Each structure stands twice: as structure tokens, then as C-alpha cells.
Amino acid sequence: MSPKIGFGTYRITYKNQDQVNALIFALKEGVSLIDTSTNYMDGESELAVALALNEVGEEIASKVEIVSKYGYIQGAELDTIKKENPFSQTVHYSENCYHNISAAFMQDQLEKSLSRLHVDCIDCYLIHNPEYFMLDYLNHANKETFNRDYMQDEMLQRIFDAFIALEERVQEGKIKSYGISSNAFAKHSSELDFLEYESLIDLAQEAAQKT
């Protein structure tokens, strides 16, 4: 089996032809996985991916796996949410960055990703840094009343609810798989914003049984 080489699109935009051309070249040379996200360049990264896949043709495009993510609320999406937020569980992390991993927000972001990417199904859809709930909690917590057990339990419950919704999207054929992209996995378990990961497989299996 040949190794799978990926192309990250964190700063790629469809407005920059050189960047799109770099992605096209990479795909023609054998890159078979593209990593993007709803918030990368305010959605313009996914639009760039669509342009590149269209340019290389169906034979190459059909062999490429697409990974996208949801969770961050930035740019134009943030401006909209600040005016009228229809989603519960939105974390107001900073003036320029909100965050949400709820089922309703996932569904909204997934539909937008599918539209921008010009695909009917995304190979892997990830919850993007769900620990922002914990980070926000830490920023506003009273040290005298801080409850780490509550924070961890609430975080896992939110992830479980998202897993159920993601399982439903798998059954609908809109995604093939799902998971979590987190900076907090690598932290020491003693750190307050460490994201406990040993139970995540169990949560995903339980979510699959409930759907």
C-alpha cells in the first residue's frame, strides 16, 4: 500500500490562484488527502478545494479523501451569530472567536461545507478543538468554586451529543466517518484544559447504538 500524503489548507483561499495552482499540482503528483475546515479563510479554503478538484478531473478527484471540521465561529459567520444566534451552547471565547459543537450548529456547518466543496459526501468530518468550552470555563471560573469534574463531564456530554448527530449524518450518507481534532489531547492529564480521550471510542460506539 502506497503512503497517503495530505495537503493542509489552513491559509489557502480560492482568491489566490497561485495557492489553487499549488493544490492542483499536489493532486496531480499523487496527494490523496486534503485537510480543510469551515473556518479556514472564512470558508474560502473549501471553495479553493472545490476549484482544484474540478480542475484535476474526476479520475483524480474520485481518489482524494476530504477531511473538514466544524466548531469555530469566526469572520462573516461570527458577524451573523452576533446579530442573531439561533444556536444553543455557543461559547463566547473572545471578541473575534466564538465556538460551538452542538448538533444544530454541526448540521448548519456541514451543509455549508458540502455546498462550498461541491460534494454530496465528506470523507471525514471532525469536531474542531471542542476543548474551547473548557478554555472558556477556565477564563471565567471563580477559583473558589471551580469544579473540574463538572467541566470534564459537561465536555464529554457535549461530545456525545455531537457524536449522535454525526452518526445520523453517516447514515444519511453526508459523511463517511467522524472524529475529533484537538490540541488538548497532547497536554498532561493534570492540566485543567486536558481533554480526556480514553472514553471517546466508547462514546462513539454508544452513539452508534442509539442511532
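Residue positions are given per chain, counted from 1 along the sequence in the order it is written. Restriction of local features to residues with pLDDT of at least 70 applies here, the model being predicted, together with a cutoff of 80 or more for giving and counting side-chain atom pairs; totals for whole chains, interfaces and linings are based on all residues. Neither water nor hydrogens contribute to the side-chain values; these are computed over all heavy atoms in the structure.

Thoughts on the overall build of the chain
Counting its secondary structure elements, the chain contains eight helices and eight strands. In terms of overall size, the chain behaves like a compact globule, its C-alpha atoms giving a radius of gyration of 18 Å where 211 residues would be expected to give roughly 17 Å. When the backbone C-alpha atoms are referred to their principal axes, the chain occupies close to 60 × 40 × 30 Å. Categorising residues by exposure relies on relative accessible area from a 1.4 Å probe, with only protein chains included: less than 20% of the type maximum marks a residue as buried, more than 50% marks it as exposed, and the intermediate range marks it as partly exposed. Residues classed as buried in the chain amount to 47% of the 211 residues present. Long-range pairs, those at least 24 residues apart, make up 74% of the contacts in the chain with a sequence separation of at least 6. Surface exposure of the chain reaches about 11,100 Å², of which carbon and sulfur atoms provide 48%. A distance of 4 Å separates the average location of the 18 positive side-chain charges in the chain from that of its 34 negative side-chain charges. Numbered from the N terminus, helices here are DSSP runs of H or I no shorter than four residues, and strands are runs of E no shorter than two. The globule rule is 2.2 Å times the number of residues to the power 0.38, and the radius of gyration it is compared with is taken over C-alpha atoms. We call two residues in contact whenever any of their non-hydrogen atoms come within 4.5 Å of each other. Every accessible area reported is derived by Shrake-Rupley at a probe size of 1.4 Å, with residue values counting cover from the shown protein chains alone. In summary, the charge assignment counts Lys and Arg as positive and Asp and Glu as negative, without counting His or the chain termini. Just so you know, the charge point we use is NZ for Lys, CZ for Arg, CG for Asp and CD for Glu.

Focus: the side chain of serine 113
Within the secondary structure, serine 113 sits in helix H5 (residues 103-117). Engagement of the side chain of serine 113 in a polar contact is seen with the side chain of glutamate 46, the distance being 2.8 Å. Those residues in contact with serine 113 that lie beyond four places of it in its chain are Thr38, Glu46, Ser68, Ile122 and Tyr125. Here a polar contact is taken to be a pair of N or O atoms separated by no more than 3.5 Å, where protein atoms must pair a possible hydrogen donor with a possible acceptor and residues adjacent in sequence count only if both atoms sit in side chains.

Remarks on the nonpolar core
Among buried residues, the Ala, Val, Leu, Ile, Met, Phe, Trp, Tyr and Cys ones that are joined through side-chain atoms within 4.5 Å form a nonpolar core. Leu27 and Phe163 are the most contacted members of the largest nonpolar core, which totals 54 residues. Excluding anything up to four places from it in sequence, phenylalanine 163 contacts Ile127, Tyr178, Ile180, Leu200, Leu203, Ala204 and Ala207.

What to know about the sheet that holds strand S6 (residues 97-99)
Strand order in this open sheet of three strands is S4-S6-S5, and the pairing throughout is antiparallel. Each end of this open sheet is capped by a strand with a single partner; those strands are strand S4 (72-73) and strand S5 (91-94). By the convention used here, strands pair only if DSSP detects at least 2 bridges between them. In this structure, S5 lies alongside S6, joined through two bridges in antiparallel fashion. Looking at S6, one finds that serine 94 is bridged to cysteine 97. Orientation is described by lines fitted to C-alpha atoms, with helices fitted over the stretch in contact, and by angles between N-to-C directions that extend from 0 to 180 degrees. With respect to the sheet, helix H4 (residues 75-83) is in contact with S4 and S6, its orientation differing from that of S6 by roughly 75°. Packing of helix H6 (residues 132-140) onto the sheet brings it into contact with S4, S5 and S6, and relative to S5 it is tilted by some 70°.

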